[in-house]
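The residues making up each chain are set out below.
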Amino acid sequence: MTARYARVVVDSRLPQLDRLFEYRIPPALEGVAPGVRVRVPLRGDRTAAGYVVEVADARAWEGEVADIEAVVSPVPVLRPEVWALARAVADRAAGGAADVLRVAIPGRQARVEKAWLARAAEGAAAEAAEPAATEGAELTETDASPEPDAPPESPAPLEPDDASAPLLPGLVEARRKVALECAGGVAEVPVAGGGTAWVGRWAVALAGLARQAVERGEQAILVVPDHREQRQLRLALEAAVGEERVVELDARQRNPERYAGFLRCVDGGGLAIIGPRSAVYAPAADLGLLVVWEDGDPLLAEPLSPWVHARDAALVRQGQTGCALVIAGHARSTDAERLVEVGFLEHERVGAHRVRVLPTALADDGRRVPAAAFHAAREALASRPVLVQVARPGHAPGLRCGDCGTRARCAACGGPLGQRTRGGQPGCRLCGRLAAAWRCPSCHGIRLVEVGRGSTRIAEELGRAIPGVPVVVADGEHERLTLDARPRIVVATRGAEPVADGGYGAVLLLDGDSLLAREGLRVAEEAVRQWATARALAAEGATVVLAGVIGPTVGALTGDTTVPFAKAELAERRSLRFPPAVRTASVVGHPDAVAEALEALAGIEHLDVLGPVPAEGAPGDRLERAIVRFAYADGAHVAGVARGRVLAAAARPRKPGAPPRLRIRLDDPEPFDGL
DNA sequence: AGCACGCCGACT
DNA sequence: GTCGGCGTGCTC
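Reading the values: the criteria
Residues numbered from 1 in each chain as written. Chains lettered and ligands numbered in written order. Predicted model: local features only at pLDDT ≥ 70, side-chain atom pairs only at ≥ 80, totals over all residues. Heavy atoms only, no water. pLDDT = per-residue confidence, 0-100. Contact = heavy atoms within 4.5 Å. Pairing = 2+ DSSP bridges. Helix = DSSP H or I, 4+ residues; strand = E, 2+ residues; numbered from the N terminus. Axes fitted to C-alpha atoms, helices over the stretch in contact; angles between N-to-C directions. Parallel < 35°, antiparallel > 145°, perpendicular 65-115°, else oblique. Left-handed = near helix turned anticlockwise from the far one by under 90°. Nonpolar A, V, L, I, M, F, W, Y, C, P; charged D, E, K, R; others polar. Domains from an automatic or database assignment. Buried area = accessible area lost by both parts, 1.4 Å probe. Salt bridge = Lys/Arg side-chain N within 4 Å of Asp/Glu carboxyl O.

Draft legend 1. Fine view of the confidence of the model for chain A. When the pLDDT values of chain A are averaged, the result is 88; 93% of them are 70 or greater. Below a pLDDT of 50 lies the segment residues 132–152, which in the model reaches 33 contacts outside its immediate sequence neighbourhood of four places, other chains included.

Dropping the structure here:
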């Protein structure tokens, strides 16, 4: 009997281990097949978890080969397409594939898995009784134990719906790649148990696109920034394709639910898969459509190494599978606009939303609510709720000394002190510590005065100014997803706006000035995105008041498309050589390692280096930081060199527990945040 | 990361 | 004469 061999990706953060290792499959060990989780020995007496990527009859490694220690689970959780995706995404980001897999594959839940395997066995038995056409591009395994591939309980195929005229018909079939600007507005969709729910019209539009894929028996993956959008999209999808064809992959779900959803994707068939940024890696075998909603939202950037943005992962996956791709939002991001300008995406816009956007100056008395806003609010409150978008939660975002004017800071961490409630104990906005007996460090005064207005204070003021109307607050502390159509004032921080049945009668965008006052590359773009998101919640014909803002961002909101604004932003970034007109790499580490890395990168055309400058790190060791800017066309080259330098540097550090000698992060937005 | 192999100072 | 320092290299 000839031995068989498995090539395994080891779950390790070490760049040195970021390649496939070959192991012998002991003849007695069952269930080894591509995609399954295994435990393998590593030099010494260490063992590591990993995934089987390939199984082969011949060995490729000349040296000694160890045996696979155990099969952790026989479920093929790493599909070949997802492995290829993780590898390519990691390569593009100069990071490790295992780091990407950690995001792509949720933790195992033994009970959920057992149930899934039992159903899979049933399905296989049924199929054996009545042989059906075997699926194509399946795992390469030949003679393993009962293959859990068969869709156990796939819902009946979705019949084409001729009644409703679909948006962008044929988009999935033609495998189009589109940058989609969605007009605002809300729509009512039927809910499974009876009744209806109101969701953004964008969700209905995207659900219609997903339906195109599901009708073809393919999967659609729809990536959203967070659970608020996910809820709307889920409702719209359930109405469009049926509850049984919608899978949620949400980190907020309980682990078992999340894993069950993940395993349903493995089943295949016509499915709409929705989830946060990690859903872009969902195990879909016949991917027809990939959608990224609101791609400008910072939540779509993975905060873990190698810090891949869901939009970028989607672009890679589209390239590998050839599926249709939709990068959508209420406002066009500069990144999506770049893809339009280079001819990769087609521009599309769907829907129409008739609202009146009224830019106004701030009230003369320094209060946040201009007269025009009061007027619009009073008028709308006759029949509908009114949304007031503010910058900060709580009562007073800042405090200062009543005697000398010094800004009050936390004694422990130096963060700004604020007040959560009227008359409440001052507390640090950074570390949350309460400042019981505050004393001004410069004049020893003890009197504090409020600076600025948070959501609850604005709510109080509006409640007093417009008596008889209920006021509700929606912010991080008071989460509120929906609202009925009764007149009331809703004060919400950005991103926390509830969806009101039928839409808001008026939307007041306050604090725009403070939003734009911050310095940063993406400040204006992000402001426009957040305003457009709030504007989208307005009812047809509503008034939207944009208070205290001047400059090009106003035009982005008063016009009926944000594309010219995105174009202008992008043109400016291009002239400055700022992202996303160029790609960047931030190089941080030991001065020698940084110098070596920069030397290795020198000579690439159109590449320039900012720095190196001293950077802050652990006390004791010197750190330097440099920013490298380069053209998209050189991405693979730069990433390859960067990875090589990180690898070389990793072989060196000798201090235990010390940070890596060299860290290279591609497309790091942080250095440009303050520009 | 951990752990093994490999060449130079103070010990029984 | 040897025990052991941690500098370099490797992990199937």
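On we go from here.
Draft legend 2. Quick peek at the sheet that holds strand β31 (residues 662–666). An order of β29-β30-β28-β31 is seen for the four strands of this open sheet, with the pairing classed as antiparallel. The sheet terminates laterally at β29 (608–615) and β31, the two strands that pair on one side only. Across this sheet, the average inter-strand angle for adjacent strands is 15°, counted without regard to direction. Pairing of strand β28 (residues 583–589) with β31, which is carried by five bridges, proceeds in the antiparallel orientation. When the sheet's bridge partners are listed, S586 is paired in β31 with R665.

Draft legend 3. Here's a closer look at the packing of helix α3 (residues 110–129) against helix α6 (residues 255–267). Running from amino to carboxyl end, α3 crosses α6 at an angle of 25°, the nearest separation of the two axes being 9 Å. On the basis of their axis angle, the class for α3 and α6 is roughly parallel. Relative to α6, the crossing made by α3 is right-handed. Together, V112, E113, W116 and R119 of α3 and P256, Y259, A260, L263, V266 and D267 of α6 make up the contact between the two elements. Looking at side-chain class alone, the contact of α3 with α6 contains seven nonpolar, no polar and three charged residues.

Draft legend 4. Examining the domain arrangement of chain A more closely. What the domain assignment lists for chain A is domain 1 (4–74), domain 2 (177–350), domain 3 (356–397 + 452–574) and domain 4 (583–672). A separation of 26 Å is found between the C-alpha centroids of domain 2 and domain 3. Taken residue by residue, the interface counts 27 residues in domain 2 and 33 residues in domain 3. Taken over both partners, the interface formed by domain 2 and domain 3 buries close to 2400 Å², and the fraction arising from carbon and sulfur atoms is 52%. Of all residues in domain 2, the largest losses of buried area upon contact with domain 3 belong to W198, R228 and T334, amounting jointly to 27% of the total for that side. If you look at where domain 2 meets domain 3, you find seven salt bridges.

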